[in-house]
Amino acid sequence: MSRLIRMGLQIPSFTYPGVPDAELFERVAAIAATAEQAGFDSVWVMDHFYQLPLLGRPEEPMLECYTLLSALAARTSTVRLGGLVTGVTYRNPALLAKEVTTLDVISSGRAILGIGAAWFEQEHDGYGFRFGTFTERFEKLDEALQIIRSMFVHETTSFSGEHFVVRDALNSPRPVTPGGPPVLIGGSGERKTLRMVARYGDACNVFGTPDQVRHLMGVLDGHCEAVGRDPATICRTRLGTLIAGRTQADAEARRDATLAERGITLAALPDDDRARVEGMFLVGGPDAVGEQVQALLDAGLDGLIVNLPDAHDLESVELAGEVLGTVLGG
């Protein structure tokens, strides 16, 4: 599983200049198909109903995760497909197991279940989902993973927990992927999230600089040791924003313009905040990006998942594949 994801593209925004709603899916499908041709091995979309604060306004377009992934399965042939990440609070876990299994069947075995504890309270309030406490959401995640894992492999599943109850739940047809679609658990929490990765996950996705990633991978190794698991069986990835240019100056200018659209000026931020924001990006020409990617691999990652501020421009997707493929394509 350590090679499950080497080079993924996340599509977090559906606000594209000059693209009306009626043409939105065709552009997203073109992005996914271009990513596949450019060497990406997986395509991801967010499981949200409103756009996130740092990416845009709540009322900007947001397509439903599993409807979109199933449609993209029909427009691609090799990339794996997943939500980065599914909020455990949005669906009964038995229903989620059925949805992911259906995606696996439609895609001929290319589904990945990306899942996490959820955090965006505004959309819970808007849609009437119970947000609950931090502890409750992680308890739900633990129970959901047990139910979903069982439904991927057993004829029927029964489970009675604090938050979820299922009785003789059927899941037919079975997943195409033997043992069910791989499970990626998203988040950087050291005490809860990474412990669940060690127990249930085939992959994890974290955030941070190389130093932060190195620390998190050490924590995950410790959790694996505690449960008697080989750490090498877990694929380790990080999500960040890639701004690749033909030159360093061009890439930095585009990064600054992207941040300015969100009301952020790097030079005006306190040192700690500036370092945190800069750590979310891979920025530069091909050589500089290659060095940044290698530093993250050296910190213990198996691959990267990136998003692009200008993914609607298909040439930027091609360039991203070219730049990342130099380091990650092997």
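Rules behind the numbers
- Residues numbered from 1 in each chain as written.
- Predicted model: local features only at pLDDT ≥ 70, side-chain atom pairs only at ≥ 80, totals over all residues.
- Heavy atoms only, no water.
- Salt bridge = Lys/Arg side-chain N within 4 Å of Asp/Glu carboxyl O.
- Helix = DSSP H or I, 4+ residues; strand = E, 2+ residues; numbered from the N terminus.
- Buried < 20%, exposed > 50% of the residue type's maximum accessible area, 1.4 Å probe, protein only.
- 1 Å grid on protein atoms, 1.4 Å probe; cavity = no way out; pocket = protein on both sides within 12 Å on 5 of 7 lines; lining within 4 Å.
- Points joined across faces, edges and corners; volume = space filled by probe spheres on them.
- Nonpolar A, V, L, I, M, F, W, Y, C, P; charged D, E, K, R; others polar.
- Axes fitted to C-alpha atoms, helices over the stretch in contact; angles between N-to-C directions.
- Parallel < 35°, antiparallel > 145°, perpendicular 65-115°, else oblique.
- Left-handed = near helix turned anticlockwise from the far one by under 90°.
- Contact = heavy atoms within 4.5 Å.
- Phe/Tyr/Trp six-rings, centres within 6.5 Å; stacked < 30°, edge-to-face > 60°.
- Lys NZ or Arg CZ within 6 Å of the ring centre and 35° of its normal.
- Core = buried A, V, L, I, M, F, W, Y, C linked by side-chain atoms within 4.5 Å.

J.: Pulling in residues and values, what's your account of the pattern of salt bridges?
T.: Following the criterion strictly, the structure yields 16 salt bridges and no others. Between arginine 91 and glutamate 64 there is a salt bridge; the shortest N-O distance is 2.8 Å. On the criterion of sequence distance, the pair formed by arginine 91 in the loop between strand E4 (86–87) and helix H3 (93–106) and glutamate 64 in the loop between strand E2 (42–45) and helix H2 (65–73) is long-range, its members being 27 residues apart. Judged by its relative accessible area of 28%, glutamate 64 falls in the partly exposed class. Residue arginine 262 pairs with glutamate 261 through a salt bridge whose shortest N-O separation is 3.7 Å. With a relative accessible area of 67%, glutamate 261 lands in the exposed category.

J.: Could you give me a rundown of the layout of surface pockets, with the residues and numbers involved?
T.: Considered as a void within the structure, the second largest pocket measures approximately 150 Å³ in volume. Surrounding the second largest pocket, Gly208, Thr209, Pro210, Arg238, Arg255, Glu278, Gly279, Phe281, Leu282, Val283, Gln292 and Leu296 form its lining. Of all elements in the fold, only strand E11 (281–284) and helix H10 (286–298) reach the threshold of two or more residues within the lining of the second largest pocket. The greatest single-element share of the lining of the second largest pocket, amounting to 3 residues, is contributed by E11. By residue class, the composition of the lining of the second largest pocket is 5 nonpolar, 4 polar and 3 charged.

J.: Give me the packing of helix H6 (residues 193–200) against helix H7 (residues 210–227): which residues, what numbers.
T.: Angle between the axes and distance between the axes are the two parameters that describe a pair of packed helices. In the contact formed by H6 and H7, the axes pass within 9 Å of each other and the chain directions differ by 50 degrees. As judged from the angle between their axes, H6 and H7 are oblique. In the crossing of H6 with H7, the sense of the turn from one axis to the other is right-handed. Across the interface between the two elements, Leu194, Arg195, Val197, Ala198 and Arg199 of H6 pack against Leu216, Val219, Leu220, His223, Cys224 and Val227 of H7.

J.: Let's hear about the packing of aromatic side chains: which residues, and what values?
T.: All told, the structure shown has 8 aromatic pairs when counted by the stated rule. The interplanar angle of 50 degrees and the centroid separation of 5.4 Å between the aromatic rings of tyrosine 90 and phenylalanine 129 together place this pair among those described as tilted. Remark: phenylalanine 129 occurs in the loop between helix H4 (121–127) and helix H5 (134–153) and tyrosine 90 occurs in the loop between E4 and H3; sequence separation between them is 39 residues. Taking the relative accessible area as the measure of exposure, phenylalanine 129 reaches 24% and is therefore partly exposed. Site record: aromatic cluster; members linked through ring pairs are Phe49, Tyr50, Tyr90, Tyr127 and Phe129. Taking NZ or CZ as reference, arginine 137 lies 4.0 Å from the ring centre of phenylalanine 131, over its face.

J.: Explain the nonpolar core to me, and be specific about the residues and the numbers.
T.: Counting 88 residues, the largest nonpolar core has Leu9, Ile11, Phe40, Ile115, Leu242, Val293 and Leu324 as the members making the most contacts within it. Here this core takes 8 residues from H5, the largest share from any one element. For leucine 242, the residues in contact, after removing those within four places along its chain, are Leu282, Val289, Val306, Asn307, Leu308, Pro309, Ala320 and Leu324. By size, the runner-up hydrophobic cluster in this structure holds 10 residues, among which are Ile5, Trp44, Cys235 and Ile305.

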